[in-house]
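Each chain is listed here by its residues.
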Amino acid sequence: MSAHDGVGSNSLLARVINSEWIPPGLFFIALGAAALWISRDYPLGDLNRMGPGYFPRMLSLGMIGLGALSVLRGLPELAGANDGGARFDRSMWLIPASMAVFGLSVEPLGLVVALALAIAVAGAAHRQARVKEVAISVVFLIALSVLIFVVVLKLPLRLWPEL
């Protein structure tokens, strides 16, 4: 195999896959595009009378924009042959898994337990996760979430599981 066949560890494809910024950016672009396509038939409305499609469409465009910024941030890595990029490691699946854990556990377990589980799973995504830092994040983010969503916004969220 020649060095220019695109298969080696220093090939463009390998650098794209190993980039810290490009795969998550492409994921955000794909997710935003899928949400934009799913919400294409929802009435948009206007700024004074937003329809059911307004928020999903704006959120989709925001995700696409954030993904594009992430991809642009990773492009300079492709010019050089640096090996410092991230690999497909646990962060690529633990961060989405933490969102799924929260979504699946908030109803049966309550906001406090669901947030604790989700933050613990997300905290494990870091290569050098420290239990103390994750625990501090859990306490701070739970307190902040309860303050914002339950106290200030008065959302009817159950805090603890029913026994």
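Residues numbered from 1 in each chain as written. Predicted model: local features only at pLDDT ≥ 70, side-chain atom pairs only at ≥ 80, totals over all residues. Heavy atoms only, no water.

Caption draft 1: Main features of the packing of helix α4 (residues 91-109) against helix α5 (residues 111-123). Their axes nearest at 8 Å, the elements α4 and α5 cross at an angle of 165°. Here α5 runs roughly antiparallel to α4, going by the angle between their axes. In this structure, α4 meets α5 at a crossing whose hand is right-handed. Contact residues: α4 offers Leu94, Ile95, Ala97, Ser98, Val101, Phe102, Ser105, Val106 and Leu109, while α5 offers Leu111, Val113, Ala114, Leu115, Leu117, Ala118, Val121 and Ala122. Residues belonging to the contact of α4 with α5 are distributed by class as follows: 15 nonpolar, 2 polar and no charged. (Axes fitted to C-alpha atoms, helices over the stretch in contact; angles between N-to-C directions. Helix = DSSP H or I, 4+ residues; strand = E, 2+ residues; numbered from the N terminus. Parallel < 35°, antiparallel > 145°, perpendicular 65-115°, else oblique. Left-handed = near helix turned anticlockwise from the far one by under 90°. Contact = heavy atoms within 4.5 Å. Nonpolar A, V, L, I, M, F, W, Y, C, P; charged D, E, K, R; others polar.)

Caption draft 2: Quick peek at the side chain of Ser70. Here Ser70 is to be found in helix α3 (residues 54-79). Contacts of Ser70, omitting those with residues within four sequence positions, involve Trp21 and Gly25.

Caption draft 3: The nonpolar core, seen in detail. In this structure, Val106, Leu111, Val112, Ala114, Leu115, Ile119, Val134, Val138, Ile142 and Val146 together form the largest nonpolar core, which totals 10 residues. Put simply, the parts of the chain that give this core at least two residues each are α5 and α6 (131-152). Element by element, the count of residues in this core is highest for α5, at 5 residues. Once residues lying within four places of it in the same chain are set aside, the contact partners of Ile142 are Val112, Leu115 and Ala116. (Core = buried A, V, L, I, M, F, W, Y, C linked by side-chain atoms within 4.5 Å. Buried < 20%, exposed > 50% of the residue type's maximum accessible area, 1.4 Å probe, protein only.)

Caption draft 4: Highlighting the packing of aromatic side chains. Counting across every chain of the model gives 1 aromatic pair. Both rings, one in Phe27 and one in Phe28, keep their centres 6.4 Å apart while their planes meet at 50°; by these two values the pair is tilted. Looking at Phe27, the relative accessible area reads 43%, which means it is partly exposed. A relative accessible area of 30% places Phe28 in the partly exposed class. (Phe/Tyr/Trp six-rings, centres within 6.5 Å; stacked < 30°, edge-to-face > 60°.)

Caption draft 5: Layout of the side chain of Ser145. Mapped onto the elements of the fold, Ser145 is located in helix α6. We classify Ser145 as buried; its relative accessible area is 14%. Engagement of the side chain of Ser145 in a polar contact is seen with the backbone oxygen of Leu141, the distance being 2.8 Å. (Polar contact = N/O pair within 3.5 Å; in protein donor to acceptor, adjacent residues only side chain to side chain.)

Caption draft 6: Broad picture of helix α2 (residues 22-38). Between its first and last C-alpha, α2 extends 24 Å over 17 residues, near the 24 Å set by a 1.5 Å rise per residue. Looking at α2, one finds that the buried residues are Ile22, Pro23, Gly25 and Gly32. (Expected span 1.5 Å × (residues − 1).)

Caption draft 7: The arrangement of α4 in detail. If you check which residues of α4 are buried, you get Leu94, Ser98, Ser105 and Val106. Packed against the buried residues of α4 are α5. The positive-phi residue at the C-terminal boundary of α4 is Gly110, with phi of around 90°.

Caption draft 8: Representation of the environment of Leu44. Mapped onto the elements of the fold, Leu44 is located in the loop between α2 and α3. Looking at Leu44, the relative accessible area reads 30%, which means it is partly exposed. Measuring from C-alpha to C-alpha, the distance between Leu44 and Met58 comes to 9.9 Å, with 14 residues separating the pair along the chain. Setting aside residues no more than four positions away along its own chain, Leu44 makes contact with Met50, Gly51, Gly53, Tyr54 and Arg57.

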